[in-house]
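Single-letter residue listing:
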Amino acid sequence: MKAIVLKKFGGVENLIVEEINTPKIRDGEVLIKAKAIGINPVDCKTRKGYGAAKRLKLPIILGWDVSGEIVKVNKNSKFNVGDEVFGLINFPGEGKTYAEYVAAPGEHITVKPKNISFAEAAAIPLAALIAYQALVKEGQIQKNSRVFIQGAAGGVGHIAVQIAKNLGAYVIGTASTKNREFLLNLGIDKFIDYTKENFEDIVKNVDIVLDCVGGDVGIKSINIVKDGGKIISIPSPIDEKLSILHPKVKMPWVLVQSNKKDIEHIAELIKSEKLKVHIQKIYSFNEIGEAHTQLERGGNMGKIVIAL
Ligand SMILES: NC(=O)c1ccc[n+]([C@@H]2O[C@H](COP(=O)([O-])OP(=O)(O)OC[C@H]3O[C@@H](n4cnc5c(N)ncnc54)[C@H](OP(=O)(O)O)[C@@H]3O)[C@@H](O)[C@H]2O)c1
C-alpha cells in the first residue's frame with residue numbers, strides 16, 4: 001500500500017509517499033481502507049519534531065483522523081466488512097492514518113453518519129473530540145454559560161461554537177475579518193475581529209474561555225474570566241506561575257483522547273444535524289506537502305482534508 005512516511009523531522013519535503021506493507025490487525029482492531037484523512041496542526045508540529053514527536057520513533061506515519069470502509073475484522077468484532085466508519089486513531093500514540101490502509105482499534109471508531117461525506121467524516125474526529133472534551137467534560141458548560149472561544153473560525157473553534165450553542169450557552173468568539181459571516185451563520189452571539197478590536201476592552205465576566213490560539217492570547221484571557229471560571233488552553237499549558245498569581249481562575253490544559261463514547265456522541269450530533277464541519281480545501285494524497293503548508297499558513301475557515 002501507499003503511505004506517507006516521515007524519516008526525519010523538518011519541512012514538508014520530508015513527507016514522502018512510499019510503498020510499504022499493509023498493516024496486520026491485532027486483537028480488537030479492524031482494517032480500514034481509507035477514503036479521507038483529516039489534517040490537524042499536531043500533524044505539522046510533529047513533522048517538525050514537536051507535537052507528539054516525543055512519543056513516537058522515526059520513521060513515522062503521521063495522522064490520527066480517518067474515514068473509510070472496513071475491509072478486514074477479527075473474530076468477535078462488533079464491526080463488519082463493508083461498514084463505513086470514522087474516528088480518531090490511537091491519539092496521542094501512533095495513529096498512522098496517512099496511508100491507504102489503517103489498522104484501528106474498534107474502540108476508537110464509529111459508524112459514519114449517512115448524511116456526511118467521507119471527507120467531512122475525516123475532518124471531524126480530532127477537532128470535535130477536543131471541542132467536546134474541553135467544553136463539556138472539562139468545562140461543564142451549560143445553558144446560559146458565557147463561553148468565549150479564541151480562534152473561533154479554525155478547525156476546533158468552529159465546532160466548539162456549535163457544541164456550545166447547542167447546549168444553550170452565550171457564545172463569543174474571535175477571528176479575523178473575513179470569518180465574520182461564517183461565524184454569525186454558525187449562530188455565534190458576539191463576533192470580535194481580533195485584527196481590529198481588543199477583546200479585553202469588549203468582554204468581561206465569562207465562565208469559560210476555550211483558547212485555540214495560545215501564547216499571549218491565552219494569557220490576556222485571564223482578564224476576562226470571572227472568579228471561579230476557567231481558561232481551557234489547548235495549544236499548550238498556560239505557565240503555572242500565572243495560576244499562582246490568579247488563584248480564582250482555573251487554567252487546565254486538555255489533551256484530546258480517542259474515546260468510543262465521545263465519538264459516538266459526536267456522530268449523534270451530526271446525524272441530528274446539530275453539528276456540521278466546514279472544509280476549507282480537499283487535497284489529494286500526493287499533495288500532502290501543500291496541505292501542511294496551507295494549514296501552517298493559517299487564514300483557514302474550518303478544516304483541511306486529504307481525499308484518497
Ligand atoms: N490539546 C489538544 O488536544 C489539541 C487538540 C486540537 C488542537 N489543538 C491545538 O489548538 C490549536 C488550534 O487548532 P485548530 O485545529 O483549530 O487550528 P486552526 O484550524 O489553524 O485554527 C486556528 C485559528 O486561530 C485563529 N487565530 C490566529 N491568531 C489569532 C488571534 N490572535 N486571535 C484569535 N484567533 C486567532 C485563526 O483565525 P484566522 O484565520 O481568522 O486568523 C485560525 O482560524 C493548535 O495549536 C492545535 O495544535 C490542541
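Residues numbered from 1 in each chain as written. Predicted model: local features only at pLDDT ≥ 70, side-chain atom pairs only at ≥ 80, totals over all residues. Heavy atoms only, no water.

### Considering the sheet that holds strand S4 (residues 60-61)
Our working definition: For two strands to count as paired, DSSP must find a minimum of two bridges between them. Strands here are runs of E lasting at least two residues and helices are runs of H or I lasting at least four, both read from the DSSP assignment and numbered beginning at the N terminus.
The sheet built from three strands is open, its strands ordered S2-S1-S4 with antiparallel pairing. Of all strands in the sheet, those with a lone pairing partner are strand S2 (15-19) and S4, marking the two edges. As defined by bridge partners, strand S1 (residues 2-6) adjoins S2 across five bridges and the pair is classed as antiparallel. Residue pairing in the sheet places Leu 6 in a bridge with Leu 15 of S2.

### Some points on the pattern of salt bridges
Note the following rule: When a carboxyl oxygen of Asp or Glu lies within 4 Å of a side-chain nitrogen of Lys or Arg, that pair is called a salt bridge. Any residue under 20% of the maximum accessible area for its type is buried, any over 50% is exposed, and the rest in between are partly exposed; the area is computed with a 1.4 Å probe on protein chains only.
Applying the stated criterion across every chain yields a total of 13 salt bridges. Among the salt bridges present, the one from Lys 7 reaches Glu 18, with a minimum N-O distance of 2.5 Å. Taken together, the positions of Lys 7 in the loop between S1 and S2 and Glu 18 in strand S2 put the pair 11 residues apart, joining distant regions of the chain. Residue classification places Glu 18 among the partly exposed residues on the basis of a relative accessible area of 24%. The closest approach of N and O atoms between Glu 296 and Arg 47, which form a salt bridge, is 3.0 Å. Of the two residues, Glu 296 is situated in helix H10 (residues 288-297) and Arg 47 in helix H1 (residues 41-47); the sequence distance between them amounts to 249 residues.

### Notes on the environment of Lys 250
Keep this limit in mind: Whether two residues touch is decided by their heavy atoms; if any such pair falls within 4.5 Å, the residues are in contact.
Relative to the helices and strands, Lys 250 is located in the loop between helix H8 (240-245) and helix H9 (260-271). Spatially, the C-alpha atom of Lys 250 lies 7.1 Å from that of Gly 228, the residues being 22 residues apart in sequence. Setting aside residues up to four positions removed in sequence, Lys 250 forms contacts with Gly 229, Lys 230 and Ile 231.

### Here's the deal with the domain arrangement of the protein chain
Reports of interface size often rely on the accessible area that becomes lost once the parts have come together. Threshold: Residue ranges assigned to the domains are those given by an automatic or database domain assignment. Accessible area that two parts lose when put together, evaluated with a 1.4 Å probe and summed over both, is termed the buried area.
Parsing the protein chain into structural domains produces domain 1 (2-124 + 277-307) and domain 2 (127-245). The distance between the C-alpha centroids of domain 1 and domain 2 comes to 27 Å. The partner domain 2 presents 12 residues to the 11 residues of domain 1 that form the contact. Taking both partners together, domain 1 and domain 2 bury about 820 Å²; carbon and sulfur atoms supply 60% of that area. Interface area lost by domain 1 to domain 2 is led by Ile 124, Met 301 and Gly 302, which between them contribute 44%.

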